Amino acid sequence: MEPSKTKAIGKIVIIDDTPANLRLLASLLGDRGYQVRPFPSGKLALAGLERCDPDLILLDIQMPQMDGYEVCQILKSQPKTRDIPIIFISALSEALDKVKAFSCGGVDYITKPFQAEEVIARVATHVELYHLQQQLQNQNTYQASQLIKQNKQLQEMNQELIDQYRLVKEAQLQLVQTEKMATLGNLISGVAHEVNNPLGCINANLQIAQDYITELLDFIQVSQTIDLPADSDLTRRLNEFEIEFIQEDLPQLLDSILRSTKTIRDISDSLRVFSRTENEQKKSCFNIHAGLDSTLLILRYRLKANHQRPAIRVTKEYGAISDIECFPGKLNQVFMNIIANAIDAFDEANTDRSYGDIDANPNQIWIRTMFIDGTMLQIEIQDNGSGMSETLQAKVFNQGFTTKAVGKGTGLGLAIARQIIEVEHGGSLKLQSIEGEGSTFTISLPIL
Ligand SMILES: Nc1ncnc2c1ncn2[C@@H]1O[C@H](COP(=O)(O)OP(=O)(O)O)[C@@H](O)[C@H]1O
Ligand SMILES: [Mg+2]
């Protein structure tokens, strides 16, 4: 049989220092269809094994220079040859040698002189086993690589889901905010409008009433000078009428009513500036100072003195800035969110302070506006409240993060503010804060 011409059923390396043994085994296995590679020493075999990739090694134990155990140990220590099954061949048949052969990595043991059929049977078994093992390993490798691929796909899908979830949340936030603003804006400008009509009526009529009252008072004064019977009812009542006091008090009273109507009108105008939602689909030219002032006016009731503390001092350091293109209603909401947070922080910190202490070191807010390099409009809102630790600062812009009690905080204020400034206006909203000293929010808006 010419084994080299048909497909070999396995590749076998034989290592034996006895040429007669090598020849015998080579022809025996070659006749059975194996491709055989003989080596006369361990050293040559180790060098030659680099190039051939056998399915089985037949290894003689007793050889000069390097014996079979040593060769076996080296083969087992190298990843490339580690898994190739090794059958030891030796004339020795003591139990000790067999044990040593197995313990250093051999799979089987054949003793010389050998019987051809035994050699063939053992070789065939181990070659087949090795093939099966390799098949299994290939399958495992394939499955593992499939798993890795699927895992990667899953990870990608997961990331995509996370991204989409974030987008949905952002969109939701924007929707809630837009809807809320629109509803609130309509409501507020509606109320402001409704208030203005009766207010105009009060104002106009008040002036007429003032004239009437003056006339009436004059009339009474004149009546008091007329001689009437001393015991008449009219005389008694005219004498009881404290004309001087009323003459002095009434103008003041009317004046204060007029001033109050003016305040109501200012507030109503501010509400209308504040709730400029009509055109929030597109930007419009807006006076930032008017926005800040209207926000402060709306927050007036929260800024003024109460039983716990004197009024919060607001210092406006407005720069020479001109109107800018923006979404006015949305910017007002940002101002509102930031200033309301500062007031909340004061209220929180004030609970541990006495009125006197707060009076000596009052709660203060500074609002500064300026142009930077002619390309940016900067608005700084600073407070001397509780400030924030660095850990807190890292979280405050997160949607839903709040340190306030349930029902008091939503944790949306700064998240919405950042979205309005950074996403909708292409600007930036930055926070600087020192715990115990205060916080500064800096809004930068590009000037179009
Ligand atoms: N000026 C400030 N001083 C101290 N802490 C602040 C200030 N502004 C915001 N914070 C902190 O940031 C958190 C988040 O604020 P915000 O997003 O407006 O949500 P909320 O006001 O509903 O809690 C607040 O709960 C508070 O802890
Ligand atoms: Mg808030």
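Engineer: Before we move on, could you go through the sheet that holds strand β12 (residues 438-446) and cite the residues and values that matter?
Structural biologist: Read across the sheet, 5 strands follow the order β7-β9-β10-β12-β11 without closing on themselves; strand pairing throughout is mixed. Since the sheet does not close on itself, it has two edges, and those belong to β7 (313-317) and β11 (428-434), each with one partner. Averaged over all pairs of adjacent strands, the angle between strand axes in this sheet comes to 15 degrees, irrespective of strand direction. Bridge count for strand β9 (residues 364-372) against strand β10 (residues 376-383) is 8 bridges, and the pairing is antiparallel. Looking at β10, one finds that isoleucine 367 is bridged to isoleucine 381. Each of β11 and β12 is contacted by helix α13 (residues 413-424), which is oriented at about 135 degrees to β11, the strand it contacts most.

Engineer: Pulling in residues and values, what's your account of the pairing of β9?
Structural biologist: Remark: a regular strand shows side chains that alternate across the two faces of the sheet. Sheet topology places β7 next to β9; 5 bridges connect them, and they run parallel. Paired with threonine 315 across the strands is tryptophan 366, a residue of β9. Counted between consecutive antiparallel strands, the loop separating β9 from β10 contains 3 residues, among which aspartate 373 sits at a positive phi close to 55 degrees.

Engineer: Lay out the site of ligand 1 with the relevant residues and their values.
Structural biologist: Around ligand 1, the structure places 20 residues, and the nearest of them are Thr402, Thr403, Lys404, Thr410 and Gly411. One nitrogen or oxygen atom from the side chain of lysine 404 is found 2.6 Å from an oxygen atom belonging to ligand 1. Separating an oxygen atom of ligand 1 from a backbone N or O atom of threonine 410 is a distance of 2.7 Å. Calculation on ligand 1 without its partners gives an accessible area of 540 Å², and the protein chains cover 94% of this total. Judged by the proximity of its atoms to the pocket grid, ligand 1 belongs to the largest pocket. Breaking the shell around ligand 1 down by element, the ones donating at least two residues are α10 (328-350), α13 and β12. For the shell around ligand 1, the element with the highest residue contribution is α10, accounting for 3 residues. Each residue belonging to the shell around ligand 1 can be placed in one class, and the counts come to 8 nonpolar, 10 polar and 2 charged.

Engineer: Explain the layout of surface pockets to me, using residue names and the numbers behind them.
Structural biologist: Its boundaries defined by the atoms lining it, the largest pocket holds a volume of some 1,300 Å³. At the level of elements, α5 (116-225), α7 (243-274), α9 (300-303), α10, β10, α13 and β12 are the ones that each hand at least two residues to the lining of the largest pocket. Of the residues that constitute the lining of the largest pocket, the class distribution is 24 nonpolar, 15 polar and 9 charged. If you go around the second largest pocket, you meet 13 residues; those closest to its centre are Glu170, Leu173, Phe397, Gln399 and Gln419. For the lining of the second largest pocket, the elements supplying multiple residues, two or more each, are α5 and α13. For the lining of the second largest pocket, the per-class residue count stands at 5 nonpolar, 3 polar and 5 charged.

Scoring rules and cut-offs
- Residues numbered from 1 in each chain as written.
- Chains lettered and ligands numbered in written order.
- Predicted model: local features only at pLDDT ≥ 70, side-chain atom pairs only at ≥ 80, totals over all residues.
- Heavy atoms only, no water.
- Pairing = 2+ DSSP bridges.
- Helix = DSSP H or I, 4+ residues; strand = E, 2+ residues; numbered from the N terminus.
- Axes fitted to C-alpha atoms, helices over the stretch in contact; angles between N-to-C directions.
- Contact = heavy atoms within 4.5 Å.
- Near = heavy atom within 4 Å.
- Polar contact = N/O pair within 3.5 Å; in protein donor to acceptor, adjacent residues only side chain to side chain.
- Areas by Shrake-Rupley, 256 points an atom, 1.4 Å probe, with all protein chains shown as cover.
- 1 Å grid on protein atoms, 1.4 Å probe; cavity = no way out; pocket = protein on both sides within 12 Å on 5 of 7 lines; lining within 4 Å.
- Sits in = over half its atoms within 2 Å of the grid points.
- Nonpolar A, V, L, I, M, F, W, Y, C, P; charged D, E, K, R; others polar.
- Points joined across faces, edges and corners; volume = space filled by probe spheres on them.

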